[in-house]
Amino acid sequence: MSTAFTVYQLAMHAPDGMFSLPINLIFGLVVLAAVAWAWRRLQLKQQPQLASMMGIMAAFIFAAQMVNFPISSGTTGHLLGGTMGAILLGPWAGTIVMVMVVMFQALLGDGGLTVLGPNIFNMGLIGTCFAYFVYRLIVGQSASTGRLLTAAFFASWLAVVLASIFASLQLAVSGTASLDKALPAMVGVHLFIGVGEALITTAVIAFILRTRPELLYRPTGNPLYSTRPFVALGLGGALAVSFFLSLLPTLWDYPDGLEYVGMQSGFIQEEAEYDDAKLSAWPCYPLGVRLVSEADDVIVAHRYDNYSTPLVEGDRLLQINGIVIQTLQQIADLNLSSNQNIVSWQRGSTTMDAKLGGLLPPTAGGQGPLLALLPDYSVPGVQGWLSTSLAGVIGTVVMFIVSLFVGRLMARPSAVQLALAQLNYDANTDSLPPH
Amino acid sequence: MHEKPLTISFPPHSFLEYMEPRLKIVALLWWVILVVSVSTGDPHQLGYFGLSAGLLLLLNHRLLGKFLMRWLPSVLMILPLCIFLLFLQQGRTLVQFGPFTITEQGWTIALHLFSTALLCMAGVALCWASSSEADLLCALQGLGMPRPLVAVFGFMLRYLHVLRPELHRLSDARLARQIGHHTPGALRIPAQLIGALFLRSHQRAEHVAEAMAARGHDGQWRNLIHYHWHGRDLLALLLFFSITLIIRWI
Amino acid sequence: MSTAPIDHSPPALRLEELYFTYPDGVQALRGVDLTIHKGERVALIGANGSGKSTLLKQLNGLLRSPHGRVVVGGLELSTSSLTEIRRQVGFVFQDANDQLFCPTVAEDVAFGPLHLGLPMREVLQRVRCALEQVGLSEFSHRVPQRLSAGEKSLAALATVLACQPEILVLDEPTATLDPYHRRRMIDLLRSIPVTQLIATHDLDLAWELCPRVVILRQGRIVQDNSASLLLSNAELLKQYQLELPLQLQGLASSPISDPVT
């Protein structure tokens with residue numbers, strides 16, 4: 001089973017025990033609130049036909065999730081369907097439908113009961129609420145097919161990526177996985193899977209627009225849906241996504257700048273053998289930094305707690321800003337305060353240079369370059385956080401441009417349709433008397 | 001007049017099938033919460049829970065086939081996820097494959113998650129194997145889920161059995177017309193499939209709404225089945241509660 | 001047109017000047033007038049797209065004609081009388097899957113009576129009776145998706161019979177049935193004494209069951225006469241894109257006795 005498939009499963013159906021109690025409770029409450037809100041908006045009692053419609057649409061989404069599509073060689077993915085549900089049925093009915101679908105999957109053993117809250121949130125609500133708002137924001141009052149499909153493409157891609165971000169955040173907060181490993185792995189794969197989901201969603205919407213356009217949910221004429229909140233939410237959401245994306249490299253990278261501030265509160269010298277039991281007995285600085293000096297080397301341990309790496313044999317801090325570090329006192333004398341200091345350090349046998357707050361993953365040859373949309377996920381010539389934030393925004397914009405392209409492309413009638421239209425035209429002109 | 005309950009879908013073989021479905025759901029939730037609350041460093045307790053689940057299954061051995069049918073697929077689903085989780089932890093390295101490392105932490109957490117999830121899924125599978133869809137729906141309603149939502153859920157269960165074959169028919173029809181394998185249509189075909197399925201479902205939903213209206217549906221939901229708690233049901237539930245509690249805080 | 005005698009009891013069903021156009025512009029009905037008396041069994045035949053289903057849906061207000069009247073048992077169809085009319089007109093849909101939407105057969109059969117507001121005892125009574133009537137007593141606990149197509153059709157009929165309608169409206173009751181279940185369905189319909197309007201392509205069924213046949217074409221009633229006259233006339237049937245019932249095809253134009261007893 002390929003990694004992509006596995007990761008996809010991870011985002012889709014977390015089993016019981018995956019997330020901690022607070023996460024389950026918080027997201028459970030969010031889901032309950034969303035359902036209550038959708039419920040009020042739908043007013044089921046006034047529309048008796050709505051229950052059967054939603055039930056059958058839930059069955060439809062469930063069935064649609066069983067259709068596999070190829071992602072890359074040998075790997076298949078399937079729809080999450082949240083965004084598609086919201087575009088077809090509207091956000092409120094879509095929300096209820098997705099809640100039903102995920103609940104049923106939990107009953108089938110596909111995802112846990114206690115983690116229903118986060119699961120529904122990731123798979124359903126992000127698509128039906130958040131991505132739908134982005135969709136509405138892009139569509140606006142326009143009736144153009146190209147714009148609609150662009151919106152569908154971008155929104156559904158965003159939903160998948162966002163779901164993966166949330167899933168890895170939830171995992172990290174629950175302590176099931178460490179953020180700097182889970183986030184890049186999850187988001188990296190979902191950047192691509194999202195394209196698959198987006199292509200399928202857009203193609204389905206294009207198909208329905210061609211065959212029965214009146215079935216598509218259109219909020220126009222309904223005073224409940226003014227555009228302003230959509231604009232605000234969409235904008236906020238897009239910013240949030242690019243912010244998360246910008247955090248990516250910082251999060252999977254250590255040491256980071258913040259921790260070095262902690263270094264200045266004082267250092268300790270102690271004999272060290274690379275022994276877990278001894279390490280945990282050493283004092284821990286407020287930001288989780290431990291420094292020890294052994295023989296002639298200064299050794300750094302970051303965020304040393306249950307879930308981070310203890311010292312690995314051979315981890316040595318070599319130099320900061322070109323100054324060779326021999327003792328802890330030397331670091332203290334440097335009076336490090338910002339994240340612009342260049343550190344050279346060594347892990348095991350591999351030497352690597354890291355900019356503080358910078359770029360390289362903790363293990364050499366890690367996931368970084370593979371996943372970044374821009375090289376090293378930074379904008380050349382710009383430093384630090386600003387650089388990665390910019391990179392995130394640029395990545396999102398690039399994706400939006402891709403959406404524009406795909407939307408236009410899919411809005412165009414296919415070659416077969418053009419040929420048929422031509423045939424019709426020919427037939428009509430043949431029957432007309434020549435001028 | 002004593003009416004025999006109308007919706008026991010098969011002659012019950014085991015006491016789980018006799019049990020009131022609402023109680024079963026309560027017991028299931030209780031079970032899942034207890035299992036999940038076991039801390040990571042306590043494999044023995046999970047073992048006891050597994051033992052008691054096995055015992056329960058043994059007492060209802062006629063359900064074994066149905067149980068396995070529902071349980072095994074979820075085992076297959078969980079396994080790759082746990083393998084993936086092995087690599088997502090920091091900590092002391094156990095094994096290293098190129099850039100990927102399995103750490104001690106990862107191993108502990110993945111193993112714990114695997115056994116927890118399996119136990120919870122065993123509970124779900126046992127509950128699902130011993131009651132019919134109709135029973136579960138009634139139970140959900142009995143436990144306070146709003147009636148229209150239960151109805152939506154019911155429609156989903158019912159029409160899944162109609163849409164799935166329809167999807168296969170659509171897919172067969174597409175495949176029959178597709179000669180050879182060509183990649184450009186690789187995404188278009190599933191998209192058309194889903195689009196066509198949507199149109200069918202929509203039509204189906206309209207017809208069902210008509211059929212309901214024709215039989216006098218006005219948005220009010222009325223129920224045929226009303227369950228009653230029996231003394232022995234409550235007794236069984238109490239027994240279950242106390243046994244699991246003892247295991248949990250042994 | 002059958003001449004409606006003016007007597008004290010109103011006809012079971014009277015349609016006057018029904019028109020219907022679908023939102024996409026298809027004109028399905030273009031002025032339909034029809035009167036059906038109590039206890040009559042009428043077959044409604046016509047080619048595909050002639051408006052049969054649309055006409056049936058007018059009878060209980062699933063579709064509403066912009067003008068014209070639908071009168072059921074003396075009660076005119078309007079928004080206020082909709083509930084009562086739906087109680088009187090039992091509608092059996094073509095696809096039994098549309099009709100069986102509950103988790104079990106019993107709940108499906110009970111759906112109609114429950115929505116009539118009957119007491120529980122009465123509801124259960126009716127469920128038993130209806131299932132017995134169609135011969136599915138053993139099936140009450142079954143889930144609809146496990147039934148065969150034939151059993152589904154019978155169950156769908158039971159769901160309507162449980163409402164004890166005055167008029168039974170059936171859309172293609174035998175379209176998907178095997179010979180055995182088709183026979184069962186025909187015998188069943190024969191044994192039900194209420195007024196019936198059956199839209200069908202199965203002309204043998206019409207020949208066996210219905211003394212009166214109405215032919216619909218492009219949204220208009222073009223023939224309304226006794227079955228023996230209409231269904232034995234090959235020329236006439238051909239004109240409406242229909243053909244002789246199989247039972248009559250071997251008999252050429254020899255005089256035929258009235259098959260309906």
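Quick caveat, the model's predicted, so the values are computed rather than measured.

## Quick look at the interface of chain B and chain A
Alright, step 1. Opposite the 67 residues of chain B that make contact, chain A presents 78 residues.
Alright, step 2. At the boundary of chain B with chain A, total buried surface from both sides reaches about 6,300 Å², with 81% on carbon and sulfur atoms.
Alright, step 3. Inspection of the chain B/chain A interface yields 0 salt bridges.
Alright, step 4. In this assembly, chain B and chain A are joined by 0 residue pairs in polar contact (both at pLDDT 80 or more).
Alright, step 5. Of all the secondary structure elements, the ones that give two or more residues to the side of chain B that touches chain A are helix 2 (21–36), helix 4 (64–86), helix 5 (104–129), helix 7 (147–177) and helix 8 (188–214) of chain B.

## Considerations on the confidence of the model for chain A
Alright, step 1. Model confidence for chain A is summarised by a mean pLDDT of 66, while 49% of its residues fall at 70 or above.
Alright, step 2. Taken as a whole, residues 301–314 of chain A scores under 50 in pLDDT and shows 54 contacts with residues more than four places along the chain or in a different chain.

## Let's talk about the pattern of salt bridges
In a structure, side chains of opposite charge can pair up when their charged atoms sit close to one another.
Alright, step 1. Counted by the stated rule, this structure contains 19 salt bridges over all chains.
Alright, step 2. Of the charged contacts, one joins Asp98 of chain C and Arg204 of chain B as a salt bridge, the two residues approaching to 2.7 Å between their closest N and O atoms. Of this pair, Asp98 of chain C sits in helix 3 (residues 96–99) while Arg204 of chain B is found in helix 8, placing the two residues in two different chains. Of the two residues, Asp98 of chain C and Arg204 of chain B, neither departs from the other in class, the shared state being buried.
Alright, step 3. In this structure, the salt-bridge partner of Arg212 of chain C is Glu40 of chain C, at a minimum N-O distance of 3.0 Å. A residue pair is termed long-range when its members are at least 10 positions apart, and Arg212 of chain C in strand 9 (residues 212–217) and Glu40 of chain C in the loop between strand 2 (27–36) and strand 3 (41–45) qualify at 172 residues.
Alright, step 4. We classify Arg212 of chain C as buried; its relative accessible area is 7%.
Alright, step 5. Several salt bridges share partner residues, and in doing so they unite Glu166, Arg169 and Arg204 of chain B together with Asp95 and Asp98 of chain C into one network.

## Considering the interface of chain B and chain C
Alright, step 1. The interface is formed by 35 residues belonging to chain B together with 35 residues belonging to chain C.
Alright, step 2. Summing both partners gives a buried area of about 3,200 Å² for chain B against chain C, and 59% of it is carried by carbon and sulfur.
Alright, step 3. Across the contact surface, chain B and chain C share 4 salt bridges.
Alright, step 4. Note that Glu210 of chain B is salt-bridged to Lys57 of chain C, the shortest N-O span being 3.2 Å.
Alright, step 5. Linking chain B with chain C are 12 residue pairs in polar contact (both at pLDDT 80 or more).
Alright, step 6. Here the residues of the side of chain B that touches chain C are counted per class, giving 17 nonpolar, 9 polar and 9 charged.

## Points about the sheet that holds strand 5 (residues 75–76) of chain C
All names here are of chain C.
Alright, step 1. If you trace the 4 strands from one edge of the open sheet to the other, you get 2-1-4-5, paired in antiparallel fashion. Only two strands of the sheet have a single partner each, and these edge strands are strand 2 and strand 5.
Alright, step 2. In this sheet, strand 2 lies alongside strand 1 (residues 13–21) in antiparallel orientation, the contact comprising 7 bridges. Bridged to Leu13 within strand 2 is Ile36.

## Here we look at the packing of aromatic side chains
Alright, step 1. What the rule picks out here adds up to 20 aromatic pairs over all chains.
Alright, step 2. Between Phe104 of chain A and Trp128 of chain B the ring centres are 6.3 Å apart and the planes differ by 65 degrees, which places this aromatic pair in the edge-to-face class. On the criterion of chain membership, the pair formed by Phe104 of chain A in helix 5 (residues 91–107) and Trp128 of chain B in helix 5 is interchain, its members lying in two chains.
Alright, step 3. The buried category is assigned to Trp128 of chain B, whose relative accessible area is 9%.
Alright, step 4. Ring geometry for Phe104 of chain A and Phe153 of chain B: centres 6.2 Å apart, planes at 85 degrees, overall edge-to-face. In this pair, Phe104 of chain A is assigned in helix 5 and Phe153 of chain B in helix 7, connecting two distinct chains. Here Phe104 of chain A matches Phe153 of chain B in class, with each residue buried.
Alright, step 5. Within the aromatic cluster, the residues linked to one another by ring pairs are Phe62 and Phe104 of chain A together with Trp128 and Phe153 of chain B.
Alright, step 6. Taking the ring centre of Tyr159 of chain B as reference, the NZ or CZ of Arg158 of chain B above it sits at 5.2 Å.

## Side note on empty space enclosed by the protein
Alright, step 1. Under the defined criterion, the tally for this structure stands at 11 cavities of 30 Å³ or more.
Alright, step 2. Of the pockets and cavities examined, the largest cavity occupies roughly 260 Å³.
Alright, step 3. Taken together, 19 residues form the lining of the largest cavity, with Arg147 and Trp221 of chain B together with Cys102, Pro103 and Glu107 of chain C sitting closest to its centre.
Alright, step 4. When residues of the lining of the largest cavity are traced back to their parent elements, those giving at least two are helix 6 (133–142) and helix 7 of chain B together with helix 4 (105–115) of chain C.
Alright, step 5. With 5 residues, helix 7 of chain B is the largest single contributor of residues to the lining of the largest cavity.
Alright, step 6. Considering only residue class, the lining of the largest cavity consists of 12 nonpolar, 4 polar and 3 charged.
Alright, step 7. Along its surface, the second largest cavity is lined by Val92, Phe93, Gln94, Ala96, Ser153, Ala156, Leu170, Asp171, Glu172, Pro173, Thr176 and Met185 of chain C.
Alright, step 8. Looking at the lining of the second largest cavity, the elements that each hand over two or more residues are helix 6 (149–161) and strand 7 (167–171) of chain C.
Alright, step 9. Here the residues of the lining of the second largest cavity are counted per class, giving 7 nonpolar, 3 polar and 2 charged.

## Details of the nonpolar core
Alright, step 1. Formed by 208 residues in total, the largest nonpolar core has its most connected members in Phe60 of chain A together with Phe153 of chain B.
Alright, step 2. Take this core: its biggest share by element is 18 residues, from helix 8 (residues 179–211) of chain A.
Alright, step 3. Not counting the four nearest positions on each side in its chain, Phe153 of chain B is found in contact with Met100, Met103, Phe104 and Leu107 of chain A together with Leu137 and Leu140 of chain B.

## Remarks on the packing of helix 6 (residues 116–139) of chain A against helix 7 (residues 145–174) of chain A
Alright, step 1. Helix 7 of chain A packs onto helix 6 of chain A with a crossing angle of 145 degrees between their chain directions and a minimal axis gap of 8 Å. In the crossing of helix 6 of chain A with helix 7 of chain A, the sense of the turn from one axis to the other is right-handed.

## A closer look at unusual backbone geometry
Across residues other than glycine, the phi torsion is negative in most instances, and most of the peptide bonds are trans.
Residue and element names in this part refer to chain C.
Alright, step 1. Phi is positive for Glu17, which is not a glycine, with a value near 50 degrees.
Alright, step 2. Relative to the assigned elements, Glu17 resides in strand 1.
Alright, step 3. Phi angles above zero are rare outside glycine, and Glu172 is one such case at about 50 degrees.
Alright, step 4. Looking at where Glu172 falls in the secondary structure, it is placed in the loop between strand 7 and helix 7 (179–191).
Alright, step 5. A relative accessible area of 10% places Glu172 in the buried class.

## A closer look at the layout of surface pockets
Take a probe with the size of a water molecule and roll it over the atoms, and the empty space left behind shows itself.
Alright, step 1. Approximately 1,600 Å³ is the volume attributed to the largest pocket.
Alright, step 2. As for the largest pocket, its lining consists of 49 residues, of which Leu113, Thr114, Leu116 and Gly117 of chain A together with Leu29 of chain B are closest to the centre.
Alright, step 3. Of all the secondary-structure elements, those providing two or more residues to the lining of the largest pocket are helix 2 (21–42), helix 5 and helix 6 of chain A together with helix 2, helix 5 and helix 6 of chain B.
Alright, step 4. At 10 residues, helix 2 of chain A tops the list of elements feeding residues into the lining of the largest pocket.
Alright, step 5. The residue makeup of the lining of the largest pocket, split by class, is 34 nonpolar, 15 polar and no charged.
Alright, step 6. There is about 1,400 Å³ of room inside the second largest pocket.
Alright, step 7. In this structure, the second largest pocket is lined by 40 residues; those nearest its centre are Gln203, His207 and Glu210 of chain B together with Tyr22 and Lys57 of chain C.
Alright, step 8. Broken down by secondary-structure element, the contributors of at least two residues to the lining of the second largest pocket are helix 8 of chain B together with strand 2, helix 1 (52–59) and helix 2 (82–88) of chain C.
Alright, step 9. For the lining of the second largest pocket, the leading source of residues is helix 8 of chain B, giving 7 residues.

## Considering the confidence of the model for chain C
Residue and element names in this part refer to chain C.
Alright, step 1. For chain C, per-residue confidence averages 85 on the pLDDT scale, and 92% of positions sit at 70 or higher.
Alright, step 2. When the elements of chain C are averaged for pLDDT, helix 11 (residues 246–249) gives the smallest value, 78, and strand 8 (residues 195–199) the largest, 93.
Alright, step 3. A low-confidence stretch, residues 1–5 (pLDDT under 50), is modelled with 9 contacts involving residues beyond four sequence positions or located in other chains.

The rules behind each value
Residues numbered from 1 in each chain as written. Chains lettered and ligands numbered in written order. Predicted model: local features only at pLDDT ≥ 70, side-chain atom pairs only at ≥ 80, totals over all residues. Heavy atoms only, no water. Contact = heavy atoms within 4.5 Å. Buried area = accessible area lost by both parts, 1.4 Å probe. Salt bridge = Lys/Arg side-chain N within 4 Å of Asp/Glu carboxyl O. Polar contact = N/O pair within 3.5 Å; in protein donor to acceptor, adjacent residues only side chain to side chain. Helix = DSSP H or I, 4+ residues; strand = E, 2+ residues; numbered from the N terminus. pLDDT = per-residue confidence, 0-100. Buried < 20%, exposed > 50% of the residue type's maximum accessible area, 1.4 Å probe, protein only. Nonpolar A, V, L, I, M, F, W, Y, C, P; charged D, E, K, R; others polar. Pairing = 2+ DSSP bridges. Phe/Tyr/Trp six-rings, centres within 6.5 Å; stacked < 30°, edge-to-face > 60°. Lys NZ or Arg CZ within 6 Å of the ring centre and 35° of its normal. 1 Å grid on protein atoms, 1.4 Å probe; cavity = no way out; pocket = protein on both sides within 12 Å on 5 of 7 lines; lining within 4 Å. Points joined across faces, edges and corners; volume = space filled by probe spheres on them. Core = buried A, V, L, I, M, F, W, Y, C linked by side-chain atoms within 4.5 Å. Axes fitted to C-alpha atoms, helices over the stretch in contact; angles between N-to-C directions. Left-handed = near helix turned anticlockwise from the far one by under 90°.

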